[in-house]
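# Notes for the structure review
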2 protein chains.
Amino acid sequence: MREVGILGVGQTKFGELWDRSFREIGIEAGLEALVDAKLSSADLEALYLGNMASGTLISQEHIAPLILDYAGLAGRHLPSMRVEGGGASGALALHQGYLAVASGLYDYVVVGGAEKLTDVPDATATQITASTADHEWEVVFGATLPALWGLIARRHMHDYGTTREQIGQVAVQDHEHGSKNPLAHYRNKISLAQVLDAGPIAEPLGVLDCAPFSDGAAAVVLGPMEEARRRSETPIRIAASQVACDSMALQHRADPTTLESTSSAARRAFQQARRAPKDVQVAEIHDAYTIAALVSLEDLGFVEKGKSGPAFAAGEFAHGGRVTVNPSGGLKAQGRPFGAVGVAQVVELVRQLRGEAKERQVPNATVGLAQDVGGTGATSVVHLLERAN
Amino acid sequence: MREVGILGVGQTKFGELWDRSFREIGIEAGLEALVDAKLSSADLEALYLGNMASGTLISQEHIAPLILDYAGLAGRHLPSMRVEGGGASGALALHQGYLAVASGLYDYVVVGGAEKLTDVPDATATQITASTADHEWEVVFGATLPALWGLIARRHMHDYGTTREQIGQVAVQDHEHGSKNPLAHYRNKISLAQVLDAGPIAEPLGVLDCAPFSDGAAAVVLGPMEEARRRSETPIRIAASQVACDSMALQHRADPTTLESTSSAARRAFQQARRAPKDVQVAEIHDAYTIAALVSLEDLGFVEKGKSGPAFAAGEFAHGGRVTVNPSGGLKAQGRPFGAVGVAQVVELVRQLRGEAKERQVPNATVGLAQDVGGTGATSVVHLLERAN
């Protein structure tokens, strides 16, 4: 398998994009990535599209050829397909694009992630979010996704003494980071008091512990690493791409406070890249619910099990800390357009590793990690990226 | 890229399986394929699942880890993902599984296709079927998928003199073939008079020109070709796997009676396999609507453009004809569980090429072709299989 580089990145603003349709945001992100890669659409050989729920959200399945079509590429009859794995759909599409280039099948592929979430009422979006949990064993009994993550939070508090304040600090930091991101859904800073006083969603989680429903799209152009080196002074290499799955229902896990899919994918990824957590300066991780960030930091190996709460509250994962986590603002502040998230995480990492992240820049970042999660962790995808100059 | 073999196949009965859930049929097909491959679940390394619309049909996204989980494999944290491209989802999943083994990434992967369609009313299923056409440019104006294929039929009749009777003959032959298939949704034979007298759906197509809504699942186990040779006296090789896309909306095509995605995928597939249409003895092709079979036969290169009607009516594609088309009964009689179709087509081909198709057996079949289509042809996937002993 040959080395794969990221040649170009693009991303729309995340938020309530009521003036633009699914196909429009998909094309906007893809075109920006193509221009950034200094390629023309005539160079592209395939499209992999991450999307979670276009069927329920916009009554449209079969969306990969739709995006190709409206990008003006129908006449070339390229292969395209959608890849889905709940909230991890974007990262799964990237994994498939990575394999397509690594195997030598194609030289240049575009990987997109897109979701149009705000065309349905919030109650519908909540139901759709729950469709990534186990419908027959969780959802029909009334569980929503925040309710399940609420259970994880309670258990983490019980087992490790994690406090409500430590969990809430994730949202505070995300909004602080998001305030510097022009593409973020939310750019307002919030205080810990606001997080703690916000209306309950699924206790202990309140409304400010939960990422918003957002529209948005992101795209990356992949190619052989020698082309990345030829085209850029700060070429970016995909050092690892790993997927792992676990049981759908939270109740079937030995330990509800451990995402074994994340720890498995991370272990394999660090092995593939011959790296360790200490080599990473910047990470984009899953924080659809604040507690998810704390659990993920432990399972990715950035902090000992049960110690994430105090470490996070002490600023170890803020700008200037040992690993800057979610400089984009994360799902909480940058936004959560399901299928776009995993691709957007990698867009942010590329900008960080190239040194193009402006106010958000993590100094001297050379290795970045992205972790995308579906449901309560039935799927996790971990990517490691390196600046390779 | 190394050679890939199909080591095992499995398939549930297609039909109204109201006594079984999505996860149950998925596991039934997968287990049969695994036993057929003489492997244990401990040998598997990844799952690719073709499914079109589980979100709208059973309120469940994120179904690939669901199937892994209920197959008892959650503890191994294997990678799994769903692949979607409308009605071509099953074949797209097979394409991804093929690449995963061909690239050397994995040795043994299972590719499944599953859909549970009959848990929703027919009107809902019709809407979901239409979600594979262009929602904003076709469906909101009232077009259903049979209406679009009806337009194709009218134009084919106008341009080439194809008759209503020739189109109806596809359904007659499918039911004749399906009568010999114990897994078929419909096993009753029908007459041409019945097809012509059936109630209209979208003229000229009547209810007997349209494939049913079915539940069902199919699975194949893929592995390195040398393993296929070691384990079977009739090893089956995937000689080609090709995907091509086209515009979503029928109105944007230069010629509505030509599926350019099919002709592109077929051309690439014959080139990859170093074969020609004349080498094929058995084919499973897209006949969700009778006219689709005629158009597909032309675009696959089995018959000259415009000549499919008379050739089909003359029995050239029946048992004993030059290519036996849809010995399974096709989508029309075997059934149409969207995401399972593309995998089931290959299951039938493997049984034919191994000489295990009993009453349906095509004598001396050594090369088979499968063509799976999404929407009105925005996606086509063509696989070529060979008996390699």
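What you see is a predicted model; the values in this text were computed from it and never measured. (Residues numbered from 1 in each chain as written. Chains lettered and ligands numbered in written order. Predicted model: local features only at pLDDT ≥ 70, side-chain atom pairs only at ≥ 80, totals over all residues.)

## Let's talk about the relation of the copies chain A and chain B
Superposing chain A onto chain B takes a rotation of 180° plus a shift of 0.0 Å along the axis, which leaves an RMSD of 0.0 Å. Those values place the two copies in the arrangement expected of a two-fold rotation axis. Both copies present the same face, since 100% of the interface residues in chain A are matched by interface residues at the equivalent positions in chain B. (Least-squares fit on C-alpha atoms with pLDDT ≥ 70 in both. Contact = placed C-beta atoms within 7 Å.)

## Observations concerning the packing of helix α7 (residues 164-178) of chain B against helix α11 (residues 290-299) of chain B
Residues and elements named next belong to chain B. At a minimum axis separation of 8 Å, α7 and α11 run at an interaxial angle of 100°. Put simply, α7 runs roughly perpendicular to α11. Note on element contacts: α11 touches α7 through Thr 290, Ile 291, Ala 293 and Leu 294, opposite Ile 167, Gly 168, Val 170 and Ala 171. (Axes fitted to C-alpha atoms, helices over the stretch in contact; angles between N-to-C directions. Helix = DSSP H or I, 4+ residues; strand = E, 2+ residues; numbered from the N terminus. Parallel < 35°, antiparallel > 145°, perpendicular 65-115°, else oblique.)

## A short note on the environment of B:Val83
Tracing the chain through its elements places B:Val83 in strand β3 (residues 80-84). A residue is classified by how many C-beta atoms lie within 10 Å of it, and B:Val83, with 31 of them, is buried. Along the primary structure B:Val83 and B:Gly306 are separated by 223 residues, whereas in three dimensions their C-alpha atoms are 34 Å apart. Among residues more than four places away in sequence, those in contact with B:Val83 are A:Met81, A:Val83, B:Tyr48, B:Gly50, B:Ser89, B:Leu92, B:Ala93 and B:Gln96. (Buried ≥ 20, exposed ≤ 12 C-beta atoms within 10 Å, placed from the backbone.)

## Overview of the interface of chain A and chain B
If you look at the interface, chain A gives 51 residues, while chain B gives 51 residues. When residues of the side of chain A that touches chain B are traced back to their parent elements, those giving at least two are α2 (54-58), α3 (63-70), β3 (80-84), α4 (89-102), β8 (236-245) and α10 (260-273) of chain A. Counted by class, the side of chain A that touches chain B contains 22 nonpolar, 21 polar and eight charged residues. Relative to β3(B), β3(A) runs antiparallel, the two being bridged by three bridges. What sits directly across from A:Glu84, in β3(B), is B:Arg82. (Nonpolar A, V, L, I, M, F, W, Y, C, P; charged D, E, K, R; others polar. Pairing = 2+ DSSP bridges.)

## Some remarks on the domain arrangement of chain A
All names here are of chain A. Taken as a whole, chain A is organised into domain 1 (4-121 + 214-231) and domain 2 (125-212 + 239-387). Of all the elements in the fold, those that place two or more residues in the side of domain 1 that touches domain 2 are β1 (4-11), α2, α4, β4 (109-115) and β7 (216-224). For the side of domain 1 that touches domain 2, the element with the most residues is α4, which contributes eight residues. Looking at side-chain class alone, the side of domain 1 that touches domain 2 contains 20 nonpolar, 15 polar and three charged residues. (Domains from an automatic or database assignment.)

## Overview of unusual backbone geometry
Residues and elements named next belong to chain A. The omega torsion of the bond from Glu 203 to Pro 204 falls at 10°, within 30 degrees of zero and hence cis. Tracing the backbone shows Pro 204 in the loop between β5 (200-202) and β6 (205-206). Despite not being glycine, His 77 has its phi angle at roughly 55°, a positive value. Along the chain, the position of His 77 falls in the loop between α3 and β3.

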